[in-house]
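The lines below spell out each chain.
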Amino acid sequence: MEPSIDIYRLTGVSKTYRKSGREILAVRELDLSIRNGEWLAVQGKTGHGKTTLLQLLGGLDRPTQGRVEFAGRDLATAPEAQVRRVRAGSFGFIFQTFNLVPTLSAHENVEAALIPLGVPGTQRRERVTAALDSVGLGDRAQHLPGELSGGQQQRVAIARALVKEPRVLLADEPTGNLDEDTRDEIIGLLDTLWRERRLTLVLVSHDSSVVRRAQRIGVMSRGRLSIRQDSRA
Amino acid sequence: MFFLTYLRRELRRRMRQAVFIAIGLAIGIGLVITVIGASSGVQAAQAKVLRALYGIGTDVTVTTKPKPQSGLPITGHAVGAPLSGSGGSGGPRAEICLNGKCYTSGTVDTLALGDTGTLTQAQVAQIAGRHEVSAAAGGLMLTDNRVVLPSASNPDIQPPTSFTVDGTDISQPRLGPLSNARLTSGRAFTAADQNSDVALVDADYASSHDIKPGSTTTIGGTKFTVIGLVSQPESGSPPNMYIPLARAAALATNPATGKSMKGLVDTVYVSAASATDIGTVQHEIEHLLPAATVTSSADLASEITGSAAGAAKLAGALGKWLAVLVLIAAFAVASLLTMAAVARRVPEFGTLKALGWRSSRIVGQVLGESVSTGIIGGLAGVGLGFAGVAIIDKIAPKLSATVPSPTGGFGTPQTVTGPGGVAGGALIGGPATSHTTVAVPMSASVTIAAIVLAVLLAIAGGLLAGSFGGWRAARLRPAAALARVA
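Cut-offs and rules
Residues numbered from 1 in each chain as written. Chains lettered and ligands numbered in written order. Predicted model: local features only at pLDDT ≥ 70, side-chain atom pairs only at ≥ 80, totals over all residues. Helix = DSSP H or I, 4+ residues; strand = E, 2+ residues; numbered from the N terminus. Buried ≥ 20, exposed ≤ 12 C-beta atoms within 10 Å, placed from the backbone. Pairing = 2+ DSSP bridges. Contact = placed C-beta atoms within 7 Å. Axes fitted to C-alpha atoms, helices over the stretch in contact; angles between N-to-C directions. Core = buried A, V, L, I, M, F, W, Y, C linked by C-beta atoms within 7 Å.

Chemist: Account for the environment of W357 of chain B, with residues named and values stated.
Modeler: Residue position: W357 of chain B is located in the loop between α9 (346–354) and α10 (359–395). Of the residues examined, W357 of chain B has 21 C-beta atoms within 10 Å and is grouped as buried.

Listed below in structure tokens is the structure:
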């Protein structure tokens with residue numbers, strides 16, 4: 001896909017939750033386009049809709065109204081099986097709490113991302129090894145998450161997101177649980193991978209030192225997104 | 001394979017819970033196997049009792065009720081002065097009248113039928129000719145009664161003696177009481193013995209009466225050569241002697257008619273062509289001989305009383321329900337624990353869904369884990385079942401079974417008053433009791449069917465538990481699941 005082409009196009013997207021009998025409008029009438037290969041960072045306070053926006057972009061949730069078009073396909077109305085296939089093949093997720101399966105080794109956690117794609121065993125092992133090498137954890141492949149530091153666990157999570165060669169990387173507070181040095185290390189790694197692989201990166205964070213590396217920075221406030229900085233060419 | 005790696009790792013992580021679920025299932029399944037083992041043990045014991053009475057291959061027995069007495073009565077009374085004292089030759093004497101003939105001295109030895117009716121050999125042939133009947137054999141259960149009357153040289157009243165005699169159809173060795181007997185010494189009957197005065201003697205009776213193969217014994221006033229000794233397992237009152245049916249019929253008298261038993265039998269032992277034909281055979285014989293009592297081994301088993309029947313009821317009712325309750329409890333606990341485990345793993349399943357895993361794959365993973373736990377529990381349950389059955393075998397007391405005898409059983413002593421008013425307990429081949437009590441050892445065993453059932457139950461338990469958990473996992477929306485992490 002051409003870099004100048006929009007990979008995402010969100011039109012009039014709202015998302016309402018019901019919590020304890022009350023309706024909470026997490027995202028309000030949001031219009032947004034994201035170009036292929038762009039790095040968009042979304043800032044904002046806790047509870048202002050950042051994560052909800054990321055989940056809508058990742059097909060993990062559906063909007064109450066509006067369209068979430070990804071590569072021309074509306075994720076809001078597509079059948080669940082189709083959304084699942086898009087998720088499996090095109091999106092890589094990175095979570096604040098790493099979300100590694102505690103009983104599986106680093107290698108197996110990364111391998112888990114290739115299971116829904118039906119990649120054969122030998123090819124799977126090669127791709128997992130390459131992914132772990134790319135995040136500098138080739139020698140920790142057999143370690144369980146509990147045997148790794150927070151930074152190493154997040155690297156495993158990044159390898160898991162990258163192993164399927166996704167078109168979009170969706171990162172939700174990827175440095176939220178890390179100390180300053182490790183944070184810089186992880187953001188540096190994401191920056192490198194984004195440049196090398198020409199990924200589309202949507203990163204949610206409340207940390208200004210993290211978001212300033214992005215091409216475009218948006219701020220979510222009470223469910224509305226406003227773009228503050230746009231350094232795209 | 002990724003599925004197995006994930007499954008193994010997950011079971012190892014939740015080792016304590018998996019062990020707890022497996023133990024619950026193992027106890028339930030172990031109980032089921034033990035109850036089945038005990039139940040089949042009791043049934044086997046009952047079958048042994050019935051085999052001892054009717055023979056290994058007998059499916060149906062046919063008997064008739066006795067006709068009202070028309071023969072001359074058996075009487076015993078004192079005549080004249082008492083015999084007591086020395087040389088009281090002029091005193092009263094003991095006298096026994098049998099079938100119109102009175103005896104005042106010597107030995108009176110009679111072979112008589114019990115309190116049963118008779119069937120003819122022609123009727124036996126009719127039964128044997130039915131399409132669904134593979135074999136039929138007549139039999140006679142008789143009592144030999146012996147009274148030594150006082151005489152001048154021996155004025156004291158001798159206690160009367162009696163023993164039981166089974167007239168056996170030698171041409172049908174698999175039918176009738178003798179078919180279940182084991183030859184302990186000497187030889188068995190051969191076809192050539194059909195009209196010979198030869199007898200087989202029960203080993204216990206022979207030992208207490210000093211009878212050995214080759215010796216002679218008197219039956220119905222005729223000398224018989226003992227050709228062998230036999231032993232009846234699990235039989236409380238086996239016949240004391242077995243003689244060829246033709247000879248038994250020739251020597252026996254029917255007390256109801258006072259006539260010879262030639263050409264008559266009192267029981268017909270019938271073997272059906274197949275187990276499914278037993279009902280038909282029973283029905284056909286009832287139609288053929290409306291006055292006869294036609295009894296299948298199942299009918300007789302249901303009439304067994306005593307501790308064997310009690311044990312059967314205990315195993316069948318209490319044991320079964322206890323096993324079912326424990327199984328239900330084990331299944332419920334397994335299901336609840338699996339659901340709880342799934343609840344704890346919501347973020348994990350949410351992540352897998354975010355990675356694009358199908359719900360069915362996640363459900364399969366949960367099911368795989370719980371079925372594996374179930375199989376481990378099932379295997380442990382089989383082990384527990386073997387142990388339970390072994391314990392029952394070790395501690396189970398001998399069971400007593402009171403069984404209705406096919407021809408009313410062997411004779412019960414009927415007393416006549418001898419001279420001098422002494423209640424002598426003389427046996428005159430009178431009416432017989434209708435039940436016999438037998439002590440049988442209970443031997444429980446684990447059957448292949450029980451093991452198969454256990455494995456199926458284990459898989460069912462695992463599937464049940466896993467399907468609850470899996471259903472919960474499948475319904476998760478990834479966004480909701482991931483929200484639990486934050």
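Chemist: Would you mind going over the pairing of strand β3 (residues 39–44) of chain A in detail, with residue names and values included?
Modeler: All names here are of chain A. Here β3 lies mainly inside the structure; 6 of its 6 residues are buried. Across 4 bridges, β3 lies against strand β8 (residues 200–204) in parallel orientation. Paired with W39 across the strands is L201, a residue of β8. The pairing of β3 with strand β9 (residues 216–221) spans 5 bridges and is classified as parallel. By the bridge assignment, L40 is partnered in β9 with R216.

Chemist: Any details on the environment of L463 of chain B? Residues and values, ideally.
Modeler: Residue and element names in this part refer to chain B. Residue placement: L463 occurs in helix α11 (residues 448–474). Measuring from C-alpha to C-alpha, the distance between L463 and S372 comes to 9.5 Å, with 91 residues separating the pair along the chain. Excluding anything up to four places from it in sequence, L463 contacts L367 and V371.

Chemist: Go over the sheet that holds strand β6 (residues 91–94) of chain A, please, and point to the residues and values.
Modeler: All names here are of chain A. Taken in spatial order, the 6 strands of this open sheet run β6-β7-β8-β3-β9-β10, and their pairing is mixed. The strands lining the two open edges of the sheet, one partner per strand, are β6 and β10 (224–230). In this sheet, adjacent strand axes meet at a mean angle of 20 degrees when their direction is disregarded.

Chemist: So what's going on with helix α1 (residues 50–57) of chain A? Which residues, and what values?
Modeler: Residues and elements named next belong to chain A. Of all 8 residues in α1, 8 are buried; the element is thus mostly enclosed. Of all the positions in α1, only K50, T51, T52, L53, L54, Q55, L56 and L57 are classed as buried. Following α1 by one or two positions, G59 has its phi on the positive side, about 70 degrees.

Chemist: Provide a residue-level description of the nonpolar core, including the pertinent values.
Modeler: Of all hydrophobic cores here, the largest spans 122 residues; its most connected members are V110, L132, A159, L170, L201 and V202 of chain A together with V32 of chain B. In terms of residues, this core owes the most to one element, helix α2 (residues 15–54) of chain B, which gives 14 residues. Not counting chain neighbours up to four residues away, the residues in contact with L132 of chain A comprise A106, H107, V110, L137, G138, A141 and A159 of chain A. By size, the runner-up hydrophobic cluster in this structure holds 52 residues, among which are I227, V230, Y242 and A252 of chain B.

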